[in-house]
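Topology and contacts: notes
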Amino acid sequence: MHDSLVIGAGQGGLASSYALKRRGIEHVVLDRDSGPGGAWQHRWDALTMDDVHGVADLPDSTAPGRSPERANVVIPEYFGEYESEHDLPVERPVKVTRVEAEDGARQGPLVLTADDGRTWRTRTLVNATGTWTRPFVPAYPGASSFAGEQSHTVTYPGQEHFRGKRVAVIGGGASAVQFIGQIADIVWVTRREPVWRDGFDGLEVVTGIEERAVQGLPTQSVVSGTALSLRPQEYEASRLGAYDRRLPMFERIEPEGLRWADGRFERVDILLWATGFRPAIDHLAPLHLRSSAGGIALERVPGNVQGATAAALDPRIHFVGYGPSASTIGASRAARQAARAVEKYLAEDRSRD
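Read on for a plain summary of the structure. Throughout, a residue's number is its position along its own chain's written sequence, starting from 1. For a predicted model such as this one, the threshold for reporting local features is a pLDDT of at least 70, and the threshold for listing and counting side-chain atom pairs is 80 or more; totals across whole chains, interfaces and linings nevertheless cover every residue. Computation of side-chain values: all heavy atoms of the structure, hydrogens and water removed.

Moving on, we come to the sheet that holds strand S14 (residues 270–273). Only strands joined by at least two bridges in the DSSP assignment are considered to pair. Secondary structure elements follow DSSP: runs of H or I of four or more residues count as helices, runs of E of two or more count as strands, with numbering from the N terminus. One open sheet accounts for 5 strands, arranged S7-S14-S8-S9-S10; its pairing is parallel. Of all the strands in the sheet, just strand S7 (149–152) and strand S10 (246–247) have a single pairing partner and so form its edges. Where strand S9 (residues 186–189) and S10 come together, 2 bridges link them in parallel fashion. Bridging from a neighbouring strand, tryptophan 188 pairs with arginine 246 of S10. Any two residues having at least one pair of non-hydrogen atoms within 4.5 Å are treated as being in contact. Working convention: axes come from line fits to C-alpha atoms, limited for helices to the stretch in contact. Angles between N-to-C directions cover 0 to 180 degrees. The sheet contacts of helix H3 (residues 174–182) involve strand S8 (167–170), S9 and S14, and relative to S9 the element is tilted by about 165 degrees.

Moving on to the side chain of histidine 318. By secondary structure assignment, the location of histidine 318 is in strand S16 (residues 314–319). Looking at histidine 318, the relative accessible area reads 2%, which means it is buried. By the criterion applied in these results, polar contacts are pairs of N or O atoms within 3.5 Å in which, for protein atoms, one can donate a hydrogen and the other can accept it, and in which residues neighboring in sequence qualify only through two side-chain atoms. For histidine 318, the side chain forms a polar contact with the side chain of threonine 309, separated by 2.8 Å. Each residue touching histidine 318, except ones within four places of it in the same chain, is listed here: Leu125, Val126, Asn127, Thr309, Ala310, Ala338, Ala341 and Val342. Partly exposed describes any residue whose relative accessible area lies between the buried limit of under 20% and the exposed limit of over 50%, with all areas from a 1.4 Å probe on protein chains only and scaled to the type maximum.

The subject of this paragraph is a negative patch on the surface. Like-charged residues within 9 Å of one another, or nonpolar side chains (Val, Leu, Ile, Met, Phe, Trp, Tyr) within 5 Å, are grouped into patches, provided each residue has over 30% relative accessible area and no salt bridge. The method behind every accessible area is Shrake-Rupley, applied with a 1.4 Å probe, and residues are considered shielded solely by the protein chains displayed. Salt-bridge detection follows one rule: a side-chain nitrogen of Lys or Arg within 4 Å of a carboxyl oxygen of Asp or Glu. We score Asp and Glu as negative and Lys and Arg as positive, and we do not count His or the chain ends. To locate a charge, take atom NZ for lysine, CZ for arginine, CG for aspartate or CD for glutamate. Among the surface-exposed residues, Asp60, Glu77, Glu81 and Glu85 lie close enough to one another that they form a single negatively charged patch. Examined against the element boundaries, glutamate 85 turns out to sit in helix H2 (residues 71–85). On the basis of relative accessible area, glutamate 85 is assigned to the exposed category, the value being 58%.

What follows is about unusual backbone geometry. Apart from glycine, the bulk of residues carry a negative phi angle, and the bulk of peptide bonds sit in the trans form. With an omega of -5 degrees, the peptide bond between arginine 92 and proline 93 qualifies as cis. The backbone of histidine 288 shows a phi angle near 55 degrees, a positive value even though the residue is not glycine. By the secondary structure assignment, histidine 288 is in the loop between S14 and strand S15 (310–311). Taking relative accessible area as the criterion, histidine 288 reaches 61% and is therefore assigned exposed.

Let's shift gears to the sheet that holds strand S11 (residues 252–254). Pairing is antiparallel across the open sheet formed by 3 strands, whose spatial order is S11-S12-S13. Lying at the two open borders of the sheet, with one neighbouring strand each, are S11 and strand S13 (265–267). Averaged over all pairs of adjacent strands, the angle between their axes in this sheet comes to 20 degrees, without regard to strand direction. Bridge analysis of strand S12 (residues 257–259) against S13 gives 3 bridges, and the strand direction is antiparallel. Looking at the pairing, arginine 259 lines up with phenylalanine 265 of S13.

With 12 residues, helix H1 (residues 11–22) extends 17 Å from end C-alpha to end C-alpha; this agrees with the ideal 16 Å at 1.5 Å per step. Counting buried positions along H1 yields 10 of 12 residues, so the element is predominantly enclosed. Considered for burial, the residues of H1 that qualify are Gln11, Gly12, Gly13, Leu14, Ala15, Ser16, Ser17, Tyr18, Ala19 and Leu20. Where the residues of H1 are buried, they touch strand S1 (2–7), strand S2 (27–30), H2, strand S3 (90–91), strand S6 (119–127) and helix H6 (328–352). Positive backbone phi, at 70 degrees, marks glycine 24, one or two positions downstream of H1. Any helix carries an expected span of 1.5 Å times its number of residues minus one.

Every definition here rests on a 1 Å grid over the protein atoms only: cavities are sets of points where a 1.4 Å probe fits but cannot get out, pockets are open sets enclosed by protein on both sides within 12 Å along at least five of seven lines, and lining residues have some atom within 4 Å of a point. Grid points are joined across faces, edges and corners, and a volume is the space filled by probe spheres set on the points. Applying the stated criterion across every chain, the model contains 1 cavity of 30 Å³ or more. Lining the largest cavity are Asn127, Ala128, Thr129, Gly130, Thr131, Pro279, Ala280, Ile281, Val320, Gly321 and Tyr322. Gly is put with the polar residues, along with every residue not named as nonpolar or charged; the nonpolar set is Ala, Val, Leu, Ile, Met, Phe, Trp, Tyr, Cys and Pro, and the charged set is Asp, Glu, Lys and Arg. Taken together, the residues of the lining of the largest cavity sort by class into 6 nonpolar, 5 polar and no charged.

We now examine the pattern of salt bridges. In this structure the tally under the stated criterion is 23 salt bridges. With a closest N to O distance of 2.6 Å, arginine 166 and aspartate 185 form a salt bridge. Note that arginine 166 is positioned in the loop between S7 and S8 and aspartate 185 in the loop between H3 and S9, a separation of 19 residues in sequence. A relative accessible area of 33% places aspartate 185 in the partly exposed class. The structure contains a network of salt bridges with shared partners spanning Asp3, Arg123, Asp349 and Arg350.

Set out below in structure tokens:
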């Protein structure tokens, strides 16, 4: 039996492994991908290091800077080198499909099961699975009747794919802003009026997200609370008015396009859903951690808004990259807190034995 297991080898998983190793805690990292890089290895080829909104340093390391190189090459190389340099115990590919308590109680061993039937037993768990594998597309009347192509941020094929096509970009987040800056002929649709910023109070944003997590409310991403801004490569699209022609949400989807309640119709060839992601935590369902409000309540750490990692209902379970730590910099900070809490739990658990 392991002292701890980490699920996921992205930013949060690697930072967690580093922090656990620093404290001498025996553990293994289980990663679903065949190689290093986390979600970054699946990003579209056109996304360069100049395009990304920033990658935080992994602990005791310096992240790659801006460049015209592909992000889905540079960051996986960085993660792979980090794994090797610090001799992190990553096993792959392992897709964990189920986590349950061996005795059904809130103490004792946890059992992880992979899709190929393999199992692992552990005293504690750090879940760092992120959101990339859970793209969200809202249900709308007529969606199945659309005769054109539908895509999501997770499958974005690059701007060349959309040349000569009329594209509906649906969503009001950072990805939507980036897509609009790349695609010539667009219809932009959002549920709410976009909020633009020149700056923001990061602590205020994360504190609000932490409050929701402590209450067990469904999580919001850190990015969703920072409003929108333009990068230099999007200034030309802004000058041409691309961001001034936003429309409210349509009523239904028809074979040739979108229909609004007032009768307005926009013909489009492609629906590009930039509608975000949900936490990839379905494998934890057997632990019954969700509150009646729909989220997983986390324990607050006074004075550390990104330190809320422990599941309020089960001190064996920690979340890194969930709620207030759902950013590259937040994940590394939360990893340190999770490792401290795991160390404390293991000491108490052994004293009970």
